[in-house]
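Structural characterization, general
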Amino acid sequence: MNAVLKPGAERTTAQWQAADAAHYLHPFTDFKALANKGSRVMVRADNIYLWDSDGHKILDAMSGLWCVNVGYGQKALIDAATKQMTELPFYNSFFQTATPPAIELAELLAEVSPTQFKHVFFSGSGSEGNDTVVRMVRRYWDVLGQPERSVIISRHNAYHGSTVAGASLGGMSGMHAQGGLPIPGITHVEQPFWFECGQGMTRDAFGLKAAAALETRILEIGADKVAAFIGEPVQGAGGVIVPPDTYWPEIQRICDKYGVLLVSDEVICGFGRTGHWFGCERFGFRPDLMTFAKGVTSGYVPLGGVMVGERIAKVLIEQGGEFNHGYTYSGHPVACAVAIANIRLLQQGDVVRRVHDELGPYLAQQFALLAEHPLVGEVQTCGLMGAVQLVQDKSRLKVFAPEHEVGMLCRGHCFASGLIMRAVGDRMIVAPPLVITRAQIDEMMALIRRCLDLTLADVTHRGWV
Ligand SMILES: *Cc1c(COP(=O)(O)O)cnc(C)c1O
């Protein structure tokens, strides 16, 4: 027989699920609960749509995991990988060697980054990039003869990855509760989350108050002990928390005043997500280091790294002495070749400007209309990221009891309706591919409305409103 199998059709969904439950431990997953329920198996994708093993078409409003910025099926990226795999699938950069894609990507990243960045250190992921940040900021102060300057300040509800250093930098209490984190020398301050921490104040006043927490902590610890402050321009995994416009300029002022290094974790915000090449440009601050991953390759292959500002690069280069750090896959030639193709595609398609001028404002306008829905307490957008805060009582912005898991209920309706939207508590979030069209935004918004209506019917039926 010569039947052409559809992707994933070699086995039935039930067979895939049985093998999955028997052998595969998924990230951030309750293994027992998933084994009882069975995974959804994705087999194919094109543009902004996915297909599962039952043939359902799903609009991927999360770009995979915030990464497939140019959408699925882009031939330029596929060709770049194929060509590089054929010519030189791997060589490392350890022993005073390099490969053309790694060199060329370093050059291209310097071109698209803010002017203070001329150098890059590559890793395999965002978490590893943040491990590099920890090693590098401490190395910087060592080289300057101030080794006691080692504390790194981050924020509650931040996400910086899941390695030991990444999870320690992050401010997720559930992650800290497992494995004795954070490691010493990392401390967390208030997040700029107006809905949760700032009600009763204007957003601008709250932005200044949240930033002031950094200054207070620096003074408590002693500025001569503080190495760096790290933050995501917009907190992604925390729930698409867009800070008040007053926040980042005040953070910049405080870091400048005490000589503290400023690190922008651009793993989600980088490469056009906010309508700028990097999120720091949207919020008007000037970091010394930028972590990137996800969108650098649109997720087609793993790659991460750290853009190193001249303040730091100069010291490390001029001082000499080996930096005892690196990864087997630092500068992986296939990953770098794909990243080059991805960045060229963003440039040639004028994608970042389109997010800034057209798609971001259109999403903002459409989300503003959602604010009228009885379940919605707050909407926020930034570029092509959006959040919808579900509330029990709209007039008083009262939230649902956490144990009702209304966000999960809504996410269930999304999945069943052919829409991938993520729930962070009761905050529903989207970050669609940057190549989405206006018509596709309309399609996404219609699905979101439908799911909000279904969720409202549910919570009404259960007597929770
Ligand atoms: C996803 C993410 C990371 C971790 O990246 P991985 O590639 O999963 O290790 C770090 N920082 C931020 C802001 C992220 O969103």
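Predicted, not measured: the structure shown is a model, and the values here were computed from it.

A word on the site of the ligand
In the vicinity of the ligand, the residues found are Ser125, Gly126, Ser127, Asn130, Tyr159, His160, Gly161, Glu232, Asp265, Val267, Ile268 and Lys294. Contact between the ligand and tyrosine 159: a nitrogen atom at 3.5 Å from a main-chain N or O atom of the residue. In isolation the ligand has 380 Å² of accessible area, and contact with the protein removes 83% of it. Ranked by residues supplied to the shell around the ligand, first place goes to helix H6 (residues 126–143) with three residues. Considering only residue class, the shell around the ligand consists of three nonpolar, six polar and three charged.

Topic: empty space enclosed by the protein
It is the rolling of a water-molecule-sized probe over the atoms that shows where space remains empty. This model, assessed by the stated rule, comprises one cavity of 30 Å³ or more. Considered as a void within the structure, the largest cavity measures approximately 30 Å³ in volume. Forming the walls of the largest cavity are Pro192, Phe193, Trp194, Phe195, Arg203, Ile241, Val242, Pro244, Glu378 and Gln380. Among the secondary structure elements, those contributing two or more residues to the lining of the largest cavity are helix H9 (194–198) and strand S11 (376–382).

Describing the sheet that holds strand S14 (residues 422–424)
Taken in spatial order, the four strands line up as S11-S12-S15-S14 in an open sheet, and their pairing is antiparallel. Two strands lie at the open edges of the sheet, namely S11 and S14, each paired on one side alone. Averaged over all neighbouring strand pairs, the angle between strand axes comes to 20°, with direction disregarded. As defined by bridge partners, S14 adjoins strand S15 (residues 427–430) across three bridges and the pair is classed as antiparallel. When the sheet's bridge partners are listed, arginine 422 is paired in S15 with isoleucine 429.

Some words on the domain arrangement of the protein
Here the protein is partitioned into domain 1 (13–73 + 350–461) and domain 2 (75–348). Taking only C-alpha atoms into account, the centre of domain 1 sits 26 Å from that of domain 2. With 36 residues of domain 1 at the interface, the matching set in domain 2 holds 41 residues. Taken together, both faces of the contact between domain 1 and domain 2 bury some 2,900 Å²; the carbon and sulfur share is 64%. In this assembly, domain 1 and domain 2 are joined by one salt bridge. One salt bridge in this structure joins arginine 203 and glutamate 378, with 2.9 Å as the shortest N-O distance. Every element with two or more residues in the side of domain 1 that touches domain 2 is listed here: helix H3 (63–66), helix H15 (351–370), S11, strand S12 (385–390), S14 and S15. Of the residues in the side of domain 1 that touches domain 2, the class split is 22 nonpolar, 10 polar and four charged.

Observations concerning the confidence of the model for the protein
When pLDDT is low, close inspection of the predicted coordinates is not appropriate. The share of residues in the protein with pLDDT of 70 or more is 98%, and the mean pLDDT across the chain is 97. Helix H2 (residues 31–37) is the least confidently modelled element of the protein, averaging 95 in pLDDT, while strand S8 (residues 261–265) averages 99, the highest of any element.

As for a nonpolar patch on the surface
Judged by side-chain polarity, Phe90, Tyr91, Phe94, Phe95 and Tyr329 come together as a nonpolar surface patch covering roughly 560 Å² of accessible area. Topologically, phenylalanine 90 is positioned in the loop between helix H4 (75–87) and helix H5 (100–112).

As for unusual backbone geometry
If a residue is not glycine, its phi is most likely negative; likewise, a peptide bond is most likely trans. Of note, the bond from leucine 181 into proline 182 is cis; its omega dihedral lies within 30 degrees of zero at 0°. In this fold, proline 182 is placed in the loop between helix H8 (173–176) and strand S6 (186–189). One non-glycine residue, glutamate 405, lies in positive phi territory at about 45°. Among the structural elements, glutamate 405 can be located in the loop between S12 and helix H16 (406–417).

Calculation rules
- Residues numbered from 1 in each chain as written.
- Predicted model: local features only at pLDDT ≥ 70, side-chain atom pairs only at ≥ 80, totals over all residues.
- Heavy atoms only, no water.
- Near = heavy atom within 4 Å.
- Polar contact = N/O pair within 3.5 Å; in protein donor to acceptor, adjacent residues only side chain to side chain.
- Areas by Shrake-Rupley, 256 points an atom, 1.4 Å probe, with all protein chains shown as cover.
- Helix = DSSP H or I, 4+ residues; strand = E, 2+ residues; numbered from the N terminus.
- Nonpolar A, V, L, I, M, F, W, Y, C, P; charged D, E, K, R; others polar.
- 1 Å grid on protein atoms, 1.4 Å probe; cavity = no way out; pocket = protein on both sides within 12 Å on 5 of 7 lines; lining within 4 Å.
- Points joined across faces, edges and corners; volume = space filled by probe spheres on them.
- Pairing = 2+ DSSP bridges.
- Axes fitted to C-alpha atoms, helices over the stretch in contact; angles between N-to-C directions.
- Domains from an automatic or database assignment.
- Contact = heavy atoms within 4.5 Å.
- Buried area = accessible area lost by both parts, 1.4 Å probe.
- Salt bridge = Lys/Arg side-chain N within 4 Å of Asp/Glu carboxyl O.
- pLDDT = per-residue confidence, 0-100.
- Patch = residues over 30% accessible without salt bridge, like charges linked within 9 Å, V, L, I, M, F, W, Y side chains within 5 Å.

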